[in-house]
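Results of the structural survey
Listed below are the residues making up each chain.
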Amino acid sequence: MLPENVCRRVLTMGCTYVSPRGGIAQVLNTYSLALFRPFNFIITTRGGSGLIKLLCLVEAWFRLVYCCLIKDIAIIHIHGASSNSFWRKRVFIYTAKFLGKKVVYHIHGGGFMSFSIAHREAVAKVLRKVDVVVALSRSWKQFFEYEFHSSNVVVIPNIIAYPQFIPRSISFAKVRVEALFLGLLDRNKGVFNILEMINQHQEELRGKFLLHIGGNGKTEEVKRLIAKYGIGDIVQFEGWVKGEKKIELLNRSDFYLLPSYKEGLPISILEAMSYRLPIVASPVGGIPEIVEDGVNGFLVQPGDNDNLYQVVSRLIENSLQRKSMGERSWEKVQPYLPSAVESKLMAVYSSLLDSKSKV
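Analysis parameters
Residues numbered from 1 in each chain as written. Predicted model: local features only at pLDDT ≥ 70, side-chain atom pairs only at ≥ 80, totals over all residues. Heavy atoms only, no water. Helix = DSSP H or I, 4+ residues; strand = E, 2+ residues; numbered from the N terminus. Rg over C-alpha atoms; globule rule 2.2 N^0.38 Å. Buried < 20%, exposed > 50% of the residue type's maximum accessible area, 1.4 Å probe, protein only. Contact = heavy atoms within 4.5 Å. Lys, Arg positive; Asp, Glu negative; His and termini not counted. Charge placed at Lys NZ, Arg CZ, Asp CG, Glu CD. Phe/Tyr/Trp six-rings, centres within 6.5 Å; stacked < 30°, edge-to-face > 60°. Lys NZ or Arg CZ within 6 Å of the ring centre and 35° of its normal. Pairing = 2+ DSSP bridges. Axes fitted to C-alpha atoms, helices over the stretch in contact; angles between N-to-C directions. 1 Å grid on protein atoms, 1.4 Å probe; cavity = no way out; pocket = protein on both sides within 12 Å on 5 of 7 lines; lining within 4 Å. Points joined across faces, edges and corners; volume = space filled by probe spheres on them. Nonpolar A, V, L, I, M, F, W, Y, C, P; charged D, E, K, R; others polar. Left-handed = near helix turned anticlockwise from the far one by under 90°. Salt bridge = Lys/Arg side-chain N within 4 Å of Asp/Glu carboxyl O. Right-handed = clockwise from strand over helix to strand, strands pointing away.

Regarding its fold elements, the chain presents 16 helices and twelve strands. Taken against the 2.2 N^0.38 rule, which gives 21 Å for 359 residues, the C-alpha radius of gyration of the chain at 21 Å falls within 12% of a compact globule. Here the chain, with 359 residues, has 54% of them falling under the buried criterion. Expressed as a percentage of contacts within the chain between residues at least 6 apart in sequence, the contacts between residues at least 24 apart total 72%. Of the side-chain charges in the chain, 45 are positive and 31 negative, and the distance between the mean point of each set is 8 Å.

Written as structure tokens, this is what we have:
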């Protein structure tokens, strides 16, 4: 837990996080539970119509101004991503700087790279305006330094909560190897490639393999394809997964699948690693920094269904390799647990508070 006198001087801004859906919300949820007391927070967007989103934006702006003028806030820590999130957060960044506050811009989302290239001038101005840019991985830090000549970038890994283990020997009666996919159900996450691969090899997989799919997004298309392919005995759609159900699935799974086309540094992979699971993912974004091919999982090119099947088959057939890879996952995920992230966050805040006191 961060010191109370530091927490009181930090105001965090981002999406709603109480019942988290998505990586940013999950990070904020863990921050609120594991690192901050108190957690000063302003919601910058919520679901609903365009009018509701606009009203939320206006309310957030007035709350930001109030906190900057009335409360003893020194640092505004803004979590954002690309597209509409960037344009919203730009308003808050310029306002906070105008009011003399230090600003930390915490950038999430695999789409930010292409977005920043398409809107180079606007992104460059924002990156120069803020005091600290938080990147999720070394590769993202290098991107900002190379493309925008940013000298204020630090790496703070995505935080995950400590795992909650359930002894398998007494909890689950299993006859098949089980895998897990959690995330937004769309093309970019590779979930439809997984379904296509299973359809192509259903006879080889039937009776030996069970995939659990959890998430939101194109849920009806996922269910339609499961029915169309006739793979309901191989793929189990779980809907949106959270809480005890999520813990159960992470405990009972033997490996984790996320063959995405683009990513930042997925929270779901880090969570799976904390449960000692091998990872099958794509070498995109920051994933190669946490998944080492052949060590704690396998890296497959997005859309390469043949290779995806090969590595899935290999994990199904080799329990010793699953166990050894799972142990390496646990070793590699240590920097993303709360105690490690706390020290990095504290270093950033301390530096900004020290510079603030000297002004």
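A complete count under the given rule lists 19 aromatic pairs for this structure. With a centroid separation of 5.2 Å and 50° between ring planes, the pair formed by Phe36 and Phe39 is classed as tilted. When its relative accessible area of 1% is taken as the criterion, Phe36 is described as buried. On the numbers, 6.0 Å between centres and 65° between planes, the contact of Phe112 with Phe144 is edge-to-face. Of this pair, Phe112 sits in helix α5 (residues 112-118) while Phe144 sits in helix α7 (residues 138-148), and the two are 32 residues apart along the sequence. For the pair formed by Phe112 and Phe144, the shared burial category is buried. Among the aromatic residues, those joined into a cluster by ring pairs are Phe86, Trp87, Phe112, Phe115, Trp140, Phe143, Phe144 and Phe148. Positioned over the ring face of Phe192 is Arg187, at 4.3 Å from the centre of the ring.

Further remarks concern the sheet that holds strand β11 (residues 279-281). If you trace the six strands from one edge of the open sheet to the other, you get β9-β8-β7-β10-β11-β12, paired in parallel fashion. For this open sheet the edge positions go to β9 (235-239) and β12 (297-299), each flanked by a neighbour on one side alone. In this sheet, neighbouring strand axes are inclined to one another by 20° on average, regardless of whether the strands run parallel or antiparallel. Two elements, strand β10 (residues 255-258) and β11, share three bridges in a ladder whose sense is parallel. Following the sheet pairing, Leu257 is matched in β11 by Val280.

In this section: empty space enclosed by the protein. Counting across every chain of the model gives one cavity of 30 Å³ or more. Lining the largest cavity are Ile107, His108, Gly109, Ala135, Leu136, Trp140, Phe144 and Gly264. Partitioned by chemical class, the residues of the lining of the largest cavity number five nonpolar, three polar and no charged.

Turning our eyes to something else, we now look at the sheet that holds strand β4 (residues 102-107). With parallel pairing, the six strands of this open sheet are ordered in space as β2-β1-β3-β4-β5-β6. A strand with exactly one partner marks an edge of an open sheet, and here the two such strands are β2 (40-43) and β6 (153-155). Averaged over all pairs of adjacent strands, the angle between their axes in this sheet comes to 25°, without regard to strand direction. Sheet topology places strand β5 (residues 132-135) next to β6; three bridges connect them, and they run parallel. Within β6, the position partnered with Val133 by the bridge is Val153. Across the sheet, helix α2 (residues 23-34) lies against β1 (10-14), β2, β3 (75-80) and β4, angled at about 145° from β3, the strand it touches most.

A few words now on the side chain of Ser82. One can find Ser82 in the loop between β3 and α4 (84-98). For Ser82, the residues in contact, after removing those within four places along its chain, are Gly111, Phe112 and Phe115.

Tracing the sequence through the fold places Phe41 in strand β2. Distance from Phe41 to Leu28, taken between C-alpha atoms, is 9.6 Å for residues 13 residues apart in sequence. When near neighbours in sequence (up to four residues on either side) are disregarded, Phe41 contacts Leu11, Thr12, Met13, Gly14, Cys15, Tyr17, Leu28 and Arg63.

Here we take up the packing of α4 against helix α6 (residues 120-129). Running from amino to carboxyl end, α4 crosses α6 at an angle of 35°, the nearest separation of the two axes being 10 Å. For the pair α4 and α6, the sense of crossing is left-handed. Each of Phe86, Trp87, Arg90, Ile93, Tyr94 and Lys97 in α4 lies in contact with α6, whose residues at this interface are Ala122, Val123, Lys125, Val126 and Lys129. In terms of residue class, the contact of α4 with α6 is made up of seven nonpolar, no polar and four charged.

This next bit is on the pattern of salt bridges. Taken as a whole and judged by the stated rule, the model has 21 salt bridges. The salt bridge partner of Lys189 is Glu263, with a shortest N-O separation of 2.7 Å. Here Lys189 is found in the loop between β7 (177-182) and α9 (191-200), whereas its partner Glu263 is found in the loop between β10 and α13 (267-274), with 74 residues between them in sequence. Exposure remark for Glu263: the relative accessible area of 6% places this residue in the buried category. Close ionic contact of Arg206 with Glu203 constitutes a salt bridge, the shortest N to O distance being 3.1 Å.

Alternating positions in β10 separate into two faces, Phe255 and Leu257 on one and Tyr256 and Leu258 on the other, with burial throughout. By the bridge criterion, two bridges tie β7 to β10 in an arrangement that is parallel. Bridged to Leu180 within β10 is Tyr256. On the question of chirality, the crossover connecting β10 to the parallel β11 by way of α13 is right-handed.

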